[in-house]
Amino acid sequence: MGNLTKVMSLAEAASLVQDGDSVFTGGWTVVRKPMGMVYELIRQRKRDLHLVSNPGGPEIDLLIGAGCVSMTETNYIGHEVFGHPYNFRRAVEMGPEQSGFHHDDWTVQTGTMRIVAGAMGLPFLPTLSLKGSDIINPDLDPVRHLRGKDPRLPKQKVAFMRDPFWEGQEVVLVPALRPDVCIIHTQEVGDQGTVRTRGGNFMDCYAAMAAKTTIVTAERVVPEDSLKELPELNSIPGHLVHAIVELPYGGHPTAVRGCYDNDPWWFKEYLAASRNREKFAAWLTDWVLGVPDHAAYLAKVGSQRLQHLQADPVLGYNPHIKRRLDRLEEVQ
Amino acid sequence: MGVHAQQGSYSGLEMMVVAASRLLQNGEMVLVGTGLPLVGATLAKNTHAPAMTIVMEAVAFDSRPLALPFCVADPRGVYHTPWTPTAFETLGQLLQNRRIDAGFLGGAQVDKYGNINSTCVGPYLSPHKRFEGSGGACDIAALAGRTIIIIGHERKRFVEQVDYITSPGWRCRDYHTGALVDRVELGLWGGPEAVVSTMGVMKFDPETKEMYLAEYFAELGVTPAEVTANTGFAMDTSRAKPFTPPLVSELEVLRTLVDPEGIYMKY
């Protein structure tokens, strides 16, 4: 990327995602997920997305429920202790013929091997995990019939090899992930794309290296030079970043260390709605499709509630927030 | 050794977490999953195992949370850790390089060989109920020095054979033949040390690799016969002993420090 400005609007950045793309969403389950961008992808009615997060959270359940997804290759899709991923669950239980959705199961460790292989330009990496598990049972490969046909899928799930160098034990080879697009939400990004993340990088830096296009939304876009004082705190060089969007609360309702905590009220409402297909459709209209943009979304959440989620700058989270959904009280 | 809590002053859930926490040793490096494992490990860290190193696969090494993390990536777990690795380091390196003494896992089903299912109920390709998936559980069960499993005791959860082996136990899937074989034949080390439930502590026979009842929560009124009745396979109870009840101090730490809100403990 040259010196052309990469800073753009959320809608412009989302238009870089094409129907049918393989997309890696950064963050980890209910932490630092690119939710604002995901809402915009839904508003732009993206279709046939192939999602490869490691691991997935509400962003994947939401995209599945909105009908944007044809396949997921992940180790986990869920909301952690908040509750179950009902859209994902319903799509799997319905079966691919009816739902048009396929899911392939992996693990956290092999997910990291796969995205690191993608980052390294390698076709695969070996692991000692997966042995003994049905995850590599050849009779239980749910997308076997698509392998060799869908170019986004590796031709087979795994392969086996004897270590030719040392003790000669059998290792499992796992295929690289090669996402078209990587979408990250973070605390700070320079106006040329340098990323500075707090509270763990998760797989973001590898995914940015593996993907053809990387989009970064951030709480703050800062002058690039201000990130050069302490360069060791930066995690992704701007050269790997193609689009930058300033998006305060772009991770809401997930937690962004030092900025805001998980929004338990959002999860309570989302979980109640997503249990049922019709209720979820109404929720989606109310919270995403009927909301023109991110500013309108934040206005709908309301400044009082956003204030209530503010993280303590030292602790990185909000120590006062109550997190038990069955005893949640309304924000006063 | 401290004062034992009065009978009737604690729940099966509390007994389970206390029993699981006692299996973690001071000085060990432990990989901990979200949910009850995190509660049990935090309890151990704040009672008998202050020098235990808690590793959360997403980001936290030697975590010392002041408040209970909601998941393994929660900023609560990141606070005051000396190192914030990625899962490439925690599971790709620490775990695979045999530096993790114990893994601490939950699940939806467990079978007599200690295989865990956290993927689905019913046939995998057309499940009745789909769950979130492995996360790091399969990796931890395969590669930790030993595994401790924590799971509520119900007949539908303690099954002859799990519907899907998410995480391998003592006799698990040979991916070449589809048969169940000893994990050592697949080149795996480690294996489940114990299953801790709401009724007792189960261990595995070194010869048959099958689960047996080692201790039962007698003070909660549990009997070996009741454990058998709530288990979906024939379980040997001939070696069972009553479990030493929780200490007042253990319960106090659990209730006031580890999970005061009752997020997991549901007081």
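Residues and elements named next belong to chain A. Cis geometry marks the peptide bond from asparagine 54 to proline 55, where omega comes out at -5 degrees. By the secondary structure assignment, proline 55 is in the loop between β2 (49-51) and α3 (58-65). Backbone torsion omega between histidine 252 and proline 253 reads 15 degrees, so that peptide bond is classified as cis. Inspection of the secondary structure assignment puts proline 253 in the loop between β11 (243-246) and α8 (264-274). Backbone geometry places arginine 45, a non-glycine residue, at a positive phi of 55 degrees. Mapped onto the elements, arginine 45 comes out in the loop between α2 (35-43) and β2. In this structure, phenylalanine 202 is a non-glycine residue whose phi angle is positive, near 50 degrees. On the secondary structure map, phenylalanine 202 appears in the loop between β9 (195-196) and α7 (204-210).

A few words on the sheet that holds strand β10 (residues 158-159) of chain B. In a beta sheet, neighbouring strands pair by backbone hydrogen bonds and run either parallel or antiparallel. Residue and element names in this part refer to chain B. Sheet architecture is open: 3 strands sit in the order β6-β5-β10, paired in mixed fashion. One side of each edge strand has no neighbouring strand; the edge strands of this open sheet are β6 (116-117) and β10. Judged from the 2 bridges that link them, strand β5 (residues 109-111) and β10 form a sheet pairing that is parallel. Bridging from a neighbouring strand, aspartate 111 pairs with valine 159 of β10.

All names here are of chain A. In terms of domains, chain A is made up of domain 1 (1-121 + 178-332) and domain 2 (124-175). Domain 1 and domain 2 are separated by 28 Å when their C-alpha centres are compared. Listed per partner, the contact involves 21 residues of domain 1 and 21 residues of domain 2. Carbon and sulfur atoms make up 65% of the area that domain 1 and domain 2 hide from each other, which totals about 1,500 Å². When the buried area of domain 1 at its contact with domain 2 is split by residue, Met71, Asp104 and Trp106 rank highest and sum to 28% of it.

Residues and elements named next belong to chain A. Buried residues dominate strand β8 (residues 181-190), accounting for 10 of its 10 residues. Sheet topology note: the β8/β9 ladder contains 2 bridges and is antiparallel. The partner of valine 189 across the bridge, within β9, is valine 195. As consecutive antiparallel partners, β8 and β9 are separated by 4 residues, and within that stretch glycine 193 has a phi angle of approximately 110 degrees, a positive value.

Along an α-helix, residues three or four positions apart point the same way, because every turn accommodates 3.6 residues. All names here are of chain B. In terms of burial, helix α2 (residues 36-45) is largely enclosed, as 10 of its 10 residues are buried. Listed as buried for α2 are Leu36, Pro37, Leu38, Val39, Gly40, Ala41, Thr42, Leu43, Ala44 and Lys45. Those residues of α2 that are buried are in contact with α1 (12-22), β1 (29-32), β2 (53-56), β4 (102-105), β9 (147-150) and α7 (248-258).

Moving on: the packing of aromatic side chains. We describe a pair of aromatic rings using the distance from one ring centre to the other and the angle between the two ring planes. Summed over the entire model, instances satisfying the criterion amount to 19 aromatic pairs over all chains. With 6.5 Å between their ring centres and 25 degrees between their planes, A:Trp283 and A:Trp287 make a pair best called stacked. One end of the pair, A:Trp283, and the other, A:Trp287, are both in helix α9 (residues 277-289), 4 residues apart, so they sit about a helical turn from each other. Like A:Trp283, the residue A:Trp287 is buried in the burial classification. For the ring pair B:Phe61 and B:Trp83, a centre distance of 5.3 Å and an interplane angle of 65 degrees mean the geometry is edge-to-face. Within this pair, whereas B:Phe61 is found in strand β3 (residues 60-61), its partner B:Trp83 is found in the loop between α3 (75-78) and α4 (87-95), the two being separated by 22 residues in sequence. Owing to a relative accessible area of 17%, B:Phe61 belongs among the buried residues under this scheme.

Basis of the calculations
- Residues numbered from 1 in each chain as written.
- Chains lettered and ligands numbered in written order.
- Predicted model: local features only at pLDDT ≥ 70, side-chain atom pairs only at ≥ 80, totals over all residues.
- Heavy atoms only, no water.
- Helix = DSSP H or I, 4+ residues; strand = E, 2+ residues; numbered from the N terminus.
- Pairing = 2+ DSSP bridges.
- Domains from an automatic or database assignment.
- Contact = heavy atoms within 4.5 Å.
- Buried area = accessible area lost by both parts, 1.4 Å probe.
- Buried < 20%, exposed > 50% of the residue type's maximum accessible area, 1.4 Å probe, protein only.
- Phe/Tyr/Trp six-rings, centres within 6.5 Å; stacked < 30°, edge-to-face > 60°.

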